[in-house]
Amino acid sequence: METTSRVGAQAPTAEGGQQLPSARRTVDGYLQAPFPWYGLDEAFTGPRWLMQVGTAADGAVEHGSIGHGDEPSVRVETGVVGEPREKFAVVVTVAAQPSRRSADGTGLLEATSVSSAAWLAGVGLLSFTWPGQMDHSLRDDWLDQQTETAWALADDLDGPEWSKLSLPVDGVAASFYYRESEFGWVLAGTTDAGVHLGAYGRGMSAYGLGFAVVKDVSAYA
(Lines give C-alpha, C1' and ligand atoms only; values in the text may rest on other atoms or scores of the structure.)
Protein backbone atom coordinates (compact mmCIF):
# COMPACT_ATOMS: atom_id res chain seq x y z
CA MET A 1 0.00 0.00 0.00
CA GLU A 2 1.32 3.41 -0.92
CA THR A 3 0.37 5.31 2.20
CA THR A 4 1.81 7.84 4.54
CA SER A 5 1.27 7.82 8.28
CA ARG A 6 0.05 10.58 10.48
CA VAL A 7 1.01 9.86 14.07
CA GLY A 8 -1.06 11.03 17.00
CA ALA A 9 -0.36 10.40 20.67
CA GLN A 10 -3.01 10.01 23.31
CA ALA A 11 -5.08 13.18 23.36
CA PRO A 12 -3.60 15.89 25.58
CA THR A 13 -6.04 17.84 27.71
CA ALA A 14 -5.88 21.44 28.82
CA GLU A 15 -6.96 22.63 32.23
CA GLY A 16 -10.70 22.33 32.64
CA GLY A 17 -10.84 19.21 30.46
CA GLN A 18 -10.77 20.97 27.09
CA GLN A 19 -8.96 19.09 24.34
CA LEU A 20 -5.93 20.74 22.82
CA PRO A 21 -5.78 21.37 19.04
CA SER A 22 -3.38 18.47 18.45
CA ALA A 23 -5.94 16.09 19.96
CA ARG A 24 -8.65 17.41 17.66
CA ARG A 25 -6.39 16.96 14.63
CA THR A 26 -5.72 13.38 15.69
CA VAL A 27 -9.35 12.36 15.95
CA ASP A 28 -10.19 14.25 12.74
CA GLY A 29 -8.19 11.72 10.75
CA TYR A 30 -10.30 8.90 12.15
CA LEU A 31 -13.54 10.77 11.55
CA GLN A 32 -12.63 11.29 7.88
CA ALA A 33 -12.38 7.57 7.19
CA PRO A 34 -15.14 6.19 4.91
CA PHE A 35 -15.03 2.82 6.69
CA PRO A 36 -15.83 1.62 10.23
CA TRP A 37 -13.10 1.43 12.86
CA TYR A 38 -12.62 -1.68 14.95
CA GLY A 39 -11.35 -2.13 18.48
CA LEU A 40 -11.61 -4.72 21.21
CA ASP A 41 -15.19 -5.51 22.18
CA GLU A 42 -16.91 -4.48 25.41
CA ALA A 43 -15.35 -7.36 27.33
CA PHE A 44 -12.22 -5.18 27.51
CA THR A 45 -12.76 -2.49 30.14
CA GLY A 46 -9.31 -0.86 30.24
CA PRO A 47 -7.98 2.32 28.62
CA ARG A 48 -8.37 2.89 24.87
CA TRP A 49 -6.36 5.43 22.87
CA LEU A 50 -5.94 6.61 19.31
CA MET A 51 -2.59 6.04 17.64
CA GLN A 52 -2.24 6.90 13.95
CA VAL A 53 -3.95 6.85 10.59
CA GLY A 54 -2.36 6.07 7.24
CA THR A 55 -3.35 8.07 4.18
CA ALA A 56 -2.97 7.72 0.43
CA ALA A 57 -1.23 10.34 -1.68
CA ASP A 58 -4.54 12.16 -2.14
CA GLY A 59 -5.10 12.34 1.62
CA ALA A 60 -7.75 9.61 1.79
CA VAL A 61 -7.56 7.60 5.01
CA GLU A 62 -6.75 3.95 4.28
CA HIS A 63 -5.89 2.43 7.65
CA GLY A 64 -5.35 3.26 11.29
CA SER A 65 -4.70 1.85 14.74
CA ILE A 66 -6.41 1.98 18.13
CA GLY A 67 -4.55 0.94 21.27
CA HIS A 68 -5.86 -0.84 24.35
CA GLY A 69 -4.30 -1.23 27.77
CA ASP A 70 -0.99 0.33 28.76
CA GLU A 71 0.28 2.88 26.27
CA PRO A 72 3.78 1.58 25.36
CA SER A 73 6.55 3.96 26.27
CA VAL A 74 9.65 1.78 26.73
CA ARG A 75 10.80 0.52 23.36
CA VAL A 76 13.72 -1.53 24.61
CA GLU A 77 13.31 -5.27 25.08
CA THR A 78 15.74 -6.00 27.89
CA GLY A 79 14.80 -9.58 28.50
CA VAL A 80 15.28 -9.14 32.26
CA VAL A 81 13.14 -11.68 34.08
CA GLY A 82 10.54 -10.08 36.28
CA GLU A 83 10.96 -6.58 34.86
CA PRO A 84 7.61 -4.80 34.39
CA ARG A 85 6.38 -4.67 30.81
CA GLU A 86 3.41 -2.88 29.34
CA LYS A 87 0.34 -4.97 28.66
CA PHE A 88 -1.29 -3.78 25.47
CA ALA A 89 -3.15 -4.80 22.35
CA VAL A 90 -3.42 -2.67 19.22
CA VAL A 91 -6.15 -3.20 16.61
CA VAL A 92 -5.36 -2.15 13.02
CA THR A 93 -8.26 -1.46 10.65
CA VAL A 94 -7.48 -1.56 6.92
CA ALA A 95 -10.02 -0.56 4.27
CA ALA A 96 -10.64 -3.40 1.83
CA GLN A 97 -9.65 -1.88 -1.51
CA PRO A 98 -9.24 -3.36 -5.00
CA SER A 99 -6.29 -2.45 -7.19
CA ARG A 100 -7.04 1.05 -8.45
CA ARG A 101 -5.64 4.14 -10.13
CA SER A 102 -4.10 6.84 -7.98
CA ALA A 103 -6.05 10.07 -7.63
CA ASP A 104 -3.81 11.86 -10.14
CA GLY A 105 -4.03 9.00 -12.63
CA THR A 106 -0.27 8.53 -12.81
CA GLY A 107 0.01 5.20 -11.04
CA LEU A 108 -1.72 2.08 -9.78
CA LEU A 109 -2.34 1.55 -6.08
CA GLU A 110 -2.05 -1.99 -4.80
CA ALA A 111 -5.11 -3.80 -3.56
CA THR A 112 -5.35 -4.28 0.19
CA SER A 113 -5.78 -7.74 1.69
CA VAL A 114 -5.41 -9.69 4.89
CA SER A 115 -1.67 -9.66 4.16
CA SER A 116 -1.76 -5.85 4.29
CA ALA A 117 -3.23 -6.03 7.79
CA ALA A 118 -0.70 -8.67 8.84
CA TRP A 119 2.22 -6.54 7.62
CA LEU A 120 0.99 -3.37 9.33
CA ALA A 121 0.48 -5.29 12.55
CA GLY A 122 3.92 -6.89 12.34
CA VAL A 123 5.66 -3.58 11.73
CA GLY A 124 3.59 -1.97 14.49
CA LEU A 125 4.85 -4.49 17.01
CA LEU A 126 8.44 -3.85 15.95
CA SER A 127 8.04 -0.13 16.60
CA PHE A 128 7.61 -0.83 20.31
CA THR A 129 10.35 -3.42 20.77
CA TRP A 130 14.01 -3.71 19.97
CA PRO A 131 16.91 -5.61 21.55
CA GLY A 132 18.32 -3.64 24.45
CA GLN A 133 21.78 -5.12 24.06
CA MET A 134 22.03 -3.74 20.53
CA ASP A 135 24.11 -0.65 19.84
CA HIS A 136 21.98 2.32 18.81
CA SER A 137 23.96 2.69 15.60
CA LEU A 138 22.81 -0.76 14.50
CA ARG A 139 19.12 -0.26 15.22
CA ASP A 140 18.23 1.03 11.75
CA ASP A 141 19.81 -2.01 10.10
CA TRP A 142 18.04 -4.31 12.55
CA LEU A 143 14.69 -2.57 11.96
CA ASP A 144 15.10 -2.77 8.17
CA GLN A 145 15.84 -6.48 8.42
CA GLN A 146 12.93 -7.17 10.74
CA THR A 147 10.56 -5.09 8.60
CA GLU A 148 11.53 -7.14 5.55
CA THR A 149 10.92 -10.31 7.58
CA ALA A 150 7.50 -9.04 8.65
CA TRP A 151 6.64 -8.40 4.98
CA ALA A 152 7.80 -11.87 3.93
CA LEU A 153 5.74 -13.47 6.71
CA ALA A 154 2.66 -11.42 5.83
CA ASP A 155 3.02 -12.52 2.20
CA ASP A 156 2.93 -16.20 3.23
CA LEU A 157 -0.03 -16.52 5.57
CA ASP A 158 -0.39 -20.20 4.77
CA GLY A 159 3.22 -20.84 5.74
CA PRO A 160 4.48 -22.69 8.83
CA GLU A 161 4.97 -19.51 10.89
CA TRP A 162 1.22 -18.97 11.12
CA SER A 163 -1.52 -20.91 12.86
CA LYS A 164 -5.30 -20.41 12.80
CA LEU A 165 -7.20 -18.79 15.63
CA SER A 166 -10.96 -18.29 15.91
CA LEU A 167 -12.06 -15.05 17.60
CA PRO A 168 -15.39 -13.19 17.67
CA VAL A 169 -15.92 -10.21 15.37
CA ASP A 170 -19.15 -8.35 16.11
CA GLY A 171 -20.24 -11.39 18.09
CA VAL A 172 -19.65 -13.90 15.27
CA ALA A 173 -16.72 -16.32 15.19
CA ALA A 174 -14.13 -15.44 12.55
CA SER A 175 -10.88 -17.08 11.49
CA PHE A 176 -7.56 -15.28 11.98
CA TYR A 177 -3.95 -15.98 11.08
CA TYR A 178 -1.84 -15.90 14.23
CA ARG A 179 1.85 -16.01 15.11
CA GLU A 180 3.99 -15.42 18.15
CA SER A 181 7.57 -14.18 18.42
CA GLU A 182 9.95 -13.09 21.13
CA PHE A 183 8.52 -9.59 20.77
CA GLY A 184 4.83 -10.42 21.16
CA TRP A 185 2.02 -11.72 18.96
CA VAL A 186 0.46 -10.71 15.65
CA LEU A 187 -2.81 -11.72 14.03
CA ALA A 188 -4.78 -10.81 10.92
CA GLY A 189 -8.16 -11.57 9.42
CA THR A 190 -11.07 -9.98 7.60
CA THR A 191 -14.64 -8.88 8.30
CA ASP A 192 -17.96 -8.57 6.52
CA ALA A 193 -17.86 -4.79 7.05
CA GLY A 194 -15.50 -3.92 4.20
CA VAL A 195 -12.30 -3.90 6.26
CA HIS A 196 -9.43 -6.20 7.13
CA LEU A 197 -8.24 -6.45 10.72
CA GLY A 198 -4.75 -6.77 12.10
CA ALA A 199 -3.75 -6.80 15.73
CA TYR A 200 -0.60 -7.05 17.80
CA GLY A 201 0.21 -7.03 21.46
CA ARG A 202 2.30 -8.06 24.38
CA GLY A 203 1.41 -9.05 27.93
CA MET A 204 -2.23 -9.60 26.94
CA SER A 205 -3.23 -13.01 25.60
CA ALA A 206 -4.70 -12.93 22.11
CA TYR A 207 -6.79 -16.01 22.80
CA GLY A 208 -9.40 -14.21 24.87
CA LEU A 209 -9.87 -11.17 22.63
CA GLY A 210 -12.91 -10.16 20.63
CA PHE A 211 -13.39 -7.35 18.13
CA ALA A 212 -16.28 -4.98 17.49
CA VAL A 213 -17.07 -1.84 15.51
CA VAL A 214 -16.22 1.32 17.43
CA LYS A 215 -19.49 3.20 17.89
CA ASP A 216 -17.92 6.60 18.66
CA VAL A 217 -14.23 6.89 17.83
CA SER A 218 -14.12 10.46 19.16
CA ALA A 219 -14.71 9.05 22.65
CA TYR A 220 -11.23 7.52 22.52
CA ALA A 221 -9.60 10.90 22.06
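Conventions adopted
- Residues numbered from 1 in each chain as written.
- Predicted model: local features only at pLDDT ≥ 70, side-chain atom pairs only at ≥ 80, totals over all residues.
- Heavy atoms only, no water.
- Helix = DSSP H or I, 4+ residues; strand = E, 2+ residues; numbered from the N terminus.
- Buried < 20%, exposed > 50% of the residue type's maximum accessible area, 1.4 Å probe, protein only.
- Contact = heavy atoms within 4.5 Å.
- Areas by Shrake-Rupley, 256 points an atom, 1.4 Å probe, with all protein chains shown as cover.
- Phe/Tyr/Trp six-rings, centres within 6.5 Å; stacked < 30°, edge-to-face > 60°.
- Pairing = 2+ DSSP bridges.
- Polar contact = N/O pair within 3.5 Å; in protein donor to acceptor, adjacent residues only side chain to side chain.
- Expected span 1.5 Å × (residues − 1).
- pLDDT = per-residue confidence, 0-100.
- Patch = residues over 30% accessible without salt bridge, like charges linked within 9 Å, V, L, I, M, F, W, Y side chains within 5 Å.
- Salt bridge = Lys/Arg side-chain N within 4 Å of Asp/Glu carboxyl O.
- Lys, Arg positive; Asp, Glu negative; His and termini not counted.
- Charge placed at Lys NZ, Arg CZ, Asp CG, Glu CD.
- Core = buried A, V, L, I, M, F, W, Y, C linked by side-chain atoms within 4.5 Å.

Trainee: Describe the overall build of the chain, listing the residues and the values that go with them.
Mentor: Within the chain one finds three helices and 14 strands. Every one of the 221 residues in the chain was classed for burial, and the buried ones make up 46%. For the chain, restricting intrachain contacts to residue pairs at least 6 apart in sequence, the fraction spanning at least 24 positions comes to 61%. Carbon and sulfur atoms make up 51% of the accessible area of the chain, which totals about 11,400 Å².

Trainee: Go over the packing of aromatic side chains, please, and point to the residues and values.
Mentor: Under the definition given, this model contains five aromatic pairs. Centre to centre, the rings of Tyr-30 and Trp-37 are 4.9 Å apart; their planes meet at 55 degrees, and the pair counts as tilted. Comparing Tyr-30 with Trp-37 shows no difference in burial state: the two are buried. Ring geometry for Tyr-178 versus Tyr-207: centroids 5.4 Å apart, planes at 65 degrees, classification edge-to-face.

Trainee: Any details on the pairing of strand E4 (residues 61-69)? Residues and values, ideally.
Mentor: The element E4 is largely enclosed, with a buried count of nine among its nine residues. The pairing of strand E3 (residues 48-55) with E4 spans seven bridges and is classified as antiparallel. Among the inter-strand pairings, Thr-55 is bridged to a residue of E4, identified as Val-61. Between E3 and the antiparallel strand that follows it, E4, lie five residues; Gly-59 among them carries a positive phi value of about 90 degrees. Two strands pair when backbone bridges link them, and E4 and strand E6 (residues 88-95) are joined in this way by seven bridges, in the antiparallel orientation. Note on E6: the bridge partner recorded for His-68 is Ala-89.

Trainee: Residue-level account of the side chain of Thr-112, with values.
Mentor: Topologically, Thr-112 is positioned in the loop between strand E8 (108-109) and helix H2 (114-126). Take Thr-112: its relative accessible area is 8%, and that puts it in the buried class. Here the side chain of Thr-112 touches Ala-95 through a polar contact of 2.6 Å, landing on its backbone oxygen.

Trainee: Mind laying out H2, listing which residues take part and the relevant values?
Mentor: Over its 13 residues, H2 runs 19 Å from end to end, which matches the ideal 18 Å to within 8%, given 1.5 Å per residue. Most of H2 sits out of view: 11 of its 13 residues are buried. Val-114, Ser-115, Ser-116, Ala-117, Ala-118, Leu-120, Ala-121, Gly-122, Gly-124, Leu-125 and Leu-126 are the residues of H2 that are buried.

Trainee: Describe the confidence of the model for the chain, with residues and values.
Mentor: On average, residues of the chain carry a pLDDT of 79, and 72% of them reach 70 or more. Throughout residues 74-84 the model reports pLDDT below 50, and contacts reaching past four residues in sequence, or to other chains, amount to 17 contacts.

Trainee: Requested: an account of the environment of Val-114, with residues and values cited.
Mentor: Position of Val-114 relative to the elements: it lies in helix H2. Overall, Val-114 belongs to the buried group, its relative accessible area being 16%. Residues Val-114 and Gly-189, spaced 75 residues apart in sequence, show a C-alpha to C-alpha distance of 5.6 Å. Filtering out sequence-adjacent residues up to four positions away, Val-114 remains in contact with Leu-157, Tyr-177, Ala-188, Gly-189, Thr-190 and His-196.

Trainee: So what about the pairing of E6? Which residues, and what values?
Mentor: Counting buried positions along E6 gives eight out of eight residues, so the element sits mostly inside the fold. Covered by surrounding structure in E6 are Phe-88, Val-90, Val-92 and Val-94 together with Ala-89, Val-91, Thr-93 and Ala-95, the residues of both alternating faces.

Trainee: Give me a negative patch on the surface: which residues, what numbers.
Mentor: A cluster of acidic residues, Asp-155, Asp-156, Asp-158 and Glu-161, forms a negative patch at the surface. Assignment of secondary structure puts Glu-161 in the loop between helix H3 (139-154) and strand E10 (163-169).

Trainee: Let's hear about the nonpolar core: which residues, and what values?
Mentor: One finds Trp-37, Leu-187, Tyr-200 and Phe-211 to be the most contacted residues of the largest nonpolar core, which totals 57 residues. The contact partners of Leu-187, leaving out residues within four places of it in the chain, are Ala-121, Leu-165, Leu-167, Phe-176, Tyr-177, Tyr-178, Leu-197, Gly-198, Ala-199, Ala-206 and Phe-211.

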